[in-house]
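Below are the chains, spelled out letter by letter.
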Amino acid sequence: MPSDCEWEIRSPPLKSKRPEQSTLWHRVMDDHRNYYGMKSLRMLAGGFLAGAAIANTQLDHEIQDHFQSSVRGATSDEWFEFLHANKELGNGIYTLPVFAGAWALGEYFHDSPPLAVSSEWGERSLRSFLVGAPPLILAQKLTGGSRPIEDGVDSSHWSPWADNNGVSGHAFMSSLPFINAAKMTENRWLKTTYYAGSLLGPLSRVNDDAHYPSQVALGWWMAFVAASAVDRTQFADGRLQLYPMATSDGYGALFEFTY
């Protein structure tokens, strides 16, 4: 093979993959097994350790103050209004029916490839909510953090059961659809775009002075862990993957084993 050989892998914007011979109930049960497995628990532990380090020091307040002064000190209110508008991405009253509608439409018109992809995206997002929302509610109470607009200078500090805003629910909800879309594509530019989109809702909460940075970061992280658990369920029958890989000497192969 010539040394300048290049391989290009073309893939659709989103891919549809469901475990063979699996009902929705079994997929949800597998989601929970994956979420409460050691891989997810390690991810959650790492996220909350980092969150604790930020929330219980002055770093949370310093980041919040810098963000507020930068946005509100801009030459116009366009940035503020743009970020504020994304708040509704995290409103489950609107987003949950969208997820359910996308899933149901694809189930009804199952012969349509685009609707099949849309259906899987809706189902993944719903399942991510089902597996991630209960521990999110518990984490909100266990951390006990408060909103910056409600309390004093130390309101980001954790105080178990004192309040229920230590993790942002809006950040969690608004991130789910984008993170699930990102996990359904192999196109790196689309994946980057979707992950960037997953930050819009969380940023709106800092912009509105409704949550501290650590609180929105934890909301996003819990959404990521939930979507990752669902993704592992989707590919339970395809743990071993083989990818062609171009190298400076020619070509090779990359084996990936997901566990």
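Above this text sits the structure in question.
For every chain, the first residue of its written sequence is number 1, and the numbers climb from 1 along that sequence. Thresholds applied to this predicted model are a pLDDT of at least 70 for local features of residues and 80 or more for the giving and counting of side-chain atom pairs; totals over whole chains, interfaces and linings are not thresholded and use all residues. Remark: hydrogens and water are excluded; side-chain values derive from all non-hydrogen atoms of the structure.

Q: Residues and numbers for the overall build of the protein, please.
A: A tally of helices and strands in the protein yields 10 helices and two strands. A run of H or I in DSSP becomes a helix once it reaches four residues, and a run of E becomes a strand once it reaches two; helices and strands are each numbered from the N terminus. What you see in the protein, going N to C, is helices and strands ordered as α-α-α-α-α-α-α-α-α-α-β-β. With a 1.4 Å probe rolled over the protein chains alone, any residue whose accessible area is under 20% of its type maximum counts as buried; one over 50% counts as exposed, and the rest are partly exposed. Within the protein, the fraction of its 259 residues that count as buried is 41%. Working rule for contacts: check all heavy atoms of both residues, and any pair within 4.5 Å makes them a contact. In the protein, once contacts between residues fewer than 6 apart in sequence are set aside, the share between residues at least 24 apart is 71%. Note on areas: these come from Shrake-Rupley sampling with a 1.4 Å probe, and a residue is covered only by the protein chains present in the view. Roughly 13,900 Å² of accessible area belongs to the protein as shown, and the carbon and sulfur atoms make up 63% of that amount.

Q: Outline helix H6 (residues 113-143), supporting the account with residue identities and numerical values.
A: Helix length check: H6 (31 residues) gives 43 Å between terminal C-alpha atoms against 45 Å at 1.5 Å per residue, within 8%. Glycine 132 marks the point of greatest bend in H6, at about 35°, and the proline proline 134 comes within the next four residues. Glycine 144 occupies a position one or two residues after H6 and carries a positive phi of about 70°. One fewer than the residue count of a helix, multiplied by 1.5 Å, yields its expected span. The bend at a residue is defined as the angle formed between two axes, one fitted to the seven residues ending at that residue and one fitted to the seven starting there.

Q: Lay out helix H9 (residues 200-207) with the relevant residues and their values.
A: Of all the eight residues making up H9, six are buried; the element is thus mostly covered by neighbouring parts of the structure. The set of residues buried in H9 consists of Gly201, Pro202, Ser204, Arg205, Val206 and Asn207. Phi turns positive, to about 60°, at aspartate 209, one or two residues after H9.

Q: How would you summarise unusual backbone geometry if you had to cite specific residues and measurements?
A: Despite not being glycine, tryptophan 161 has its phi angle at roughly 70°, a positive value. Mapped onto the fold, tryptophan 161 is located in the loop between H6 and helix H7 (169-183). Look at aspartate 209: it is not a glycine, yet its phi comes out positive at around 60°. Assignment of secondary structure puts aspartate 209 in the loop between H9 and helix H10 (213-234). Relative accessible area serves as the criterion here: at 21%, aspartate 209 is assigned to the partly exposed category.

Q: Which residues make up a nonpolar patch on the surface, and what values go with them?
A: Nonpolar side chains (Val, Leu, Ile, Met, Phe, Trp, Tyr) are joined into patches within 5 Å and like charges within 9 Å, using only residues with over 30% relative accessible area and no salt bridge. By salt bridge we mean one thing: a side-chain nitrogen of Lys or Arg within 4 Å of a carboxyl oxygen of Asp or Glu. A surface patch of nonpolar side chains, about 310 Å² in accessible area, is lined by Tyr36, Met38 and Leu41. Mapped onto the secondary structure, tyrosine 36 falls in the loop between helix H1 (24-35) and helix H2 (38-55). On the accessibility criterion, tyrosine 36 (45% relative accessible area) is partly exposed.

Q: Talk me through the side chain of arginine 124; I want residue IDs and the actual numbers.
A: For arginine 124, the location among the structural elements is in helix H6. Given the relative accessible area of 0%, arginine 124 is considered buried. Residues within four places of arginine 124 in sequence aside, it is in contact with Asn180, Lys183, Met184, Val230, Asp231, Gln234 and Phe235.

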